[in-house]
Amino acid sequence: MLAENLILIGYSGHAYTVLDALHSTGRAAAGYCDLEEKEVNPFELEYLGRETSDRAQEAFRAGSFFVGVGDNERRERLTEWALERGLAEAAAVVHSSATVSPSASVASGVLIGAQAAVNALARVGRGAIVNTGAVLEHDCCLGPFSHLAPGAVLLGNVSVGRGTLIGANAVVLPGVTIGDGVIVGAGSVVLDHLVAGSKVVGNPARNIA
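Because the structure is a prediction, the values reported are computed rather than measured.

**Notes on helix α2 (residues 54-62)**
Given 3.6 residues to a turn, an α-helix orients residues that are three or four positions apart in the same direction. Three or more residues of α2 are buried, namely A56, A59 and F60. Buried residues of α2, seen end-on, are gathered within an arc of 100° and therefore sit on one face of the element. Within α2, the exposed residues directed more than 90 degrees away from the buried face are D54, E58, R61 and A62. Next to the buried residues of α2 lie β1 (7-9), β2 (31-33) and β3 (65-67).

Structural data, given as structure tokens:
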């Protein structure tokens, strides 16, 4: 069954994860838009041209869009472009093996990957990614267009700003606030608050820029 005639914007690695999550719930996308038709098409999707093509616009009018792009800034730009043109944004895509608390709040355009967990009273902002095996513990807030990479963990009451990347297997301790546009390196352990634009690595995490 198609997911409300969902059209993917972007069709490469991250989009494959989105499609896998859709398929886990018995759904599929209706097609994809990209700069050019992909030579590799593992999910055998129909190519609809660029987002601005007549064919794509007709498809958008009949359904909704989901931005399958892993880069935070580009995902936000494409989402805002689509919304400015009145296109309908798809609801969150949640893998069947993920756990989402009934008390959590998950915005549109969000991907929650395989075996991820979004626990009590957590909030996930528009266009964010909670990737494979990642965990948002109770009362956490993951900001719009941020990315919690595979295996990363936000412990209780952590707040993450807009467009931030928390690298694979990183851990953020309870109560920490992380600003906009931060990069936390893979495997890092964040003990203290991080201001906007920080880049940190290590255990404990230290600034590198």
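**Some words on the pattern of salt bridges**
Enumeration over the complete set of coordinates arrives at five salt bridges. Across the salt bridge formed by D34 and K38, the nearest N and O atoms sit 3.5 Å from each other. Accessibility expressed as a relative area gives 9% for D34, which makes it buried. Among the ionic pairs, R126 bridges to E89, the shortest N-O distance being 2.7 Å. Taken together, the positions of R126 in the loop between β9 (123-124) and β10 (129-130) and E89 in the loop between α3 (72-84) and β4 (93-94) put the pair 37 residues apart, joining distant regions of the chain. In this structure E89 comes out as buried when scored by relative accessible area, which is 17%.

Reading the values: the criteria
- Residues numbered from 1 in each chain as written.
- Predicted model: local features only at pLDDT ≥ 70, side-chain atom pairs only at ≥ 80, totals over all residues.
- Heavy atoms only, no water.
- Buried < 20%, exposed > 50% of the residue type's maximum accessible area, 1.4 Å probe, protein only.
- Helix = DSSP H or I, 4+ residues; strand = E, 2+ residues; numbered from the N terminus.
- Arc of directions from axis to C-beta.
- Contact = heavy atoms within 4.5 Å.
- Salt bridge = Lys/Arg side-chain N within 4 Å of Asp/Glu carboxyl O.

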